[in-house]
Amino acid sequence: MKEFYKQQNINDIQKIAQKIATSLKIGDVLLLNGDLGAGKTTFTRFLVSFLGGKNIRVSSPTFTIMQIYKGDELKFPIYHFDAYRLEGIGGMDQGYEDYIYGDGISIIEWGEFIKDILPDKYISITFKRSEQNTEQDLEEFRDVEIEINNLN
Ligand SMILES: Nc1ncnc2c1ncn2[C@@H]1O[C@H](COP(=O)(O)OP(=O)(O)OP(=O)(O)O)[C@@H](O)[C@H]1O
Ligand SMILES: [Mg+2]
């Protein structure tokens, strides 16, 4: 199943995150795709907030590859990956499967670099900078494609 949303401003992005947040359950894997600055971490921040983590600081965990968000306020643990630095290395033998196939949900930026450990069931969201409508368009927009693969 695929859905496509064009010209989404930051509030629209927040609404998409809210919708996705209500449908997430333990074991789900969310792949966030798009170039540097496309909005993957921004989306993660909204999502974590809607899952109860309003006080959790979500940053791009580039240096740690994975951050764990846990707490009574969250329905389940959230594993936030930024696999950017695993290009050419992959995800094997680093213990990440224990999390991805574990007791929480995984949100993965740059998942294309750890394809070797990803399940074939996932939700994939791709962010792309939209063409600006007018030259004086000061707001930034993103085109968003959501693909749900094999999930019930
Ligand atoms: N409509 C919009 N949707 C998403 N982000 C937007 C939008 N408008 C402006 N922005 C801004 O664009 C930036 C997106 O940066 P973000 O860190 O989320 O990107 P990223 O995809 O995680 O990049 P990286 O690959 O470097 O981790 C943020 O500063 C955000 O505020
Ligand atoms: Mg990021």
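Conventions used here
- The residue numbering used here restarts from 1 in each chain and proceeds along that chain's sequence as written.
- Ligands are numbered from 1 and chains lettered from A, in the order in which they are written.
- Under the rules for a predicted model, residues below a pLDDT of 70 receive no local features and side-chain atom pairs below 80 are neither given nor counted, while totals for whole chains, interfaces and linings still include all residues.
- A run of DSSP states H or I qualifies as a helix once it reaches four residues; a run of E qualifies as a strand once it reaches two. Both are numbered from the N-terminal end.
- Throughout, the radius of gyration refers to the C-alpha atoms, and the reference size of a globule is 2.2 Å times the residue count to the power 0.38.
- With C-beta atoms placed from the backbone, a residue counts as buried when 20 or more other C-beta atoms lie within 10 Å of its own, as exposed when 12 or fewer do, and as partly exposed for counts between those limits.
- Placing C-beta atoms from the backbone, we regard two residues as in contact once those atoms come within 7 Å.
- Each residue gets a C-beta atom placed from its backbone. If that atom is within 6 Å of a molecule or strand, the residue is near it.

Novice: It is not clear to me how the overall build of the chain should be interpreted in this structure. Could you clarify?
Specialist: Counting its regular elements, the chain contains three helices and seven strands. Listed N to C, the secondary structure of the chain is β-α-β-α-β-β-α-β-β-β in terms of helices and strands. A compact globule built from 152 residues would reach a C-alpha radius of gyration of about 15 Å, and the chain, at 15 Å, matches this within 12%. Expressed along its principal axes, the backbone C-alpha trace of the chain runs to roughly 50 × 35 × 30 Å. In the chain, buried positions account for 29% of the 152 residues. Of the contacts formed within the chain by residues at least 6 apart in sequence, a portion of 66% connects residues at least 24 apart.

Novice: How should I be thinking about unusual backbone geometry in this particular structure?
Specialist: Glycine aside, negative phi is the norm for most residues, and most peptide bonds take the trans geometry. If you check the backbone angles, Asp93 has positive phi at about 60° while not being a glycine. Mapped onto the elements of the fold, Asp93 is located in the loop between β4 (78-82) and α3 (97-100).

Novice: Is there a simple way to explain helix α2 (residues 40-50) in this structure?
Specialist: Note on helix geometry: an α-helix contains 3.6 residues per turn, so any two residues three or four positions apart are oriented the same way. Of the residues making up α2, those classed as buried are Lys40, Phe43, Thr44, Arg45, Phe46, Leu47 and Val48. Residues of α2 that are buried make contact with α1 (10-23), β2 (29-33), β3 (66-69), β4, β5 (105-109) and β6 (122-129). Of the residues trailing α2, Gly52 is marked for its positive phi of about 115°.

Novice: Where do I start with the site of ligand 1 in this structure?
Specialist: With respect to spatial proximity, 18 residues lie near ligand 1, and among them Gly39, Lys40, Thr41, Thr42 and Glu140 are the closest. Every element with two or more residues in the shell around ligand 1 is listed here: α1 and α2. The element best represented in the shell around ligand 1 is α2, accounting for three residues.

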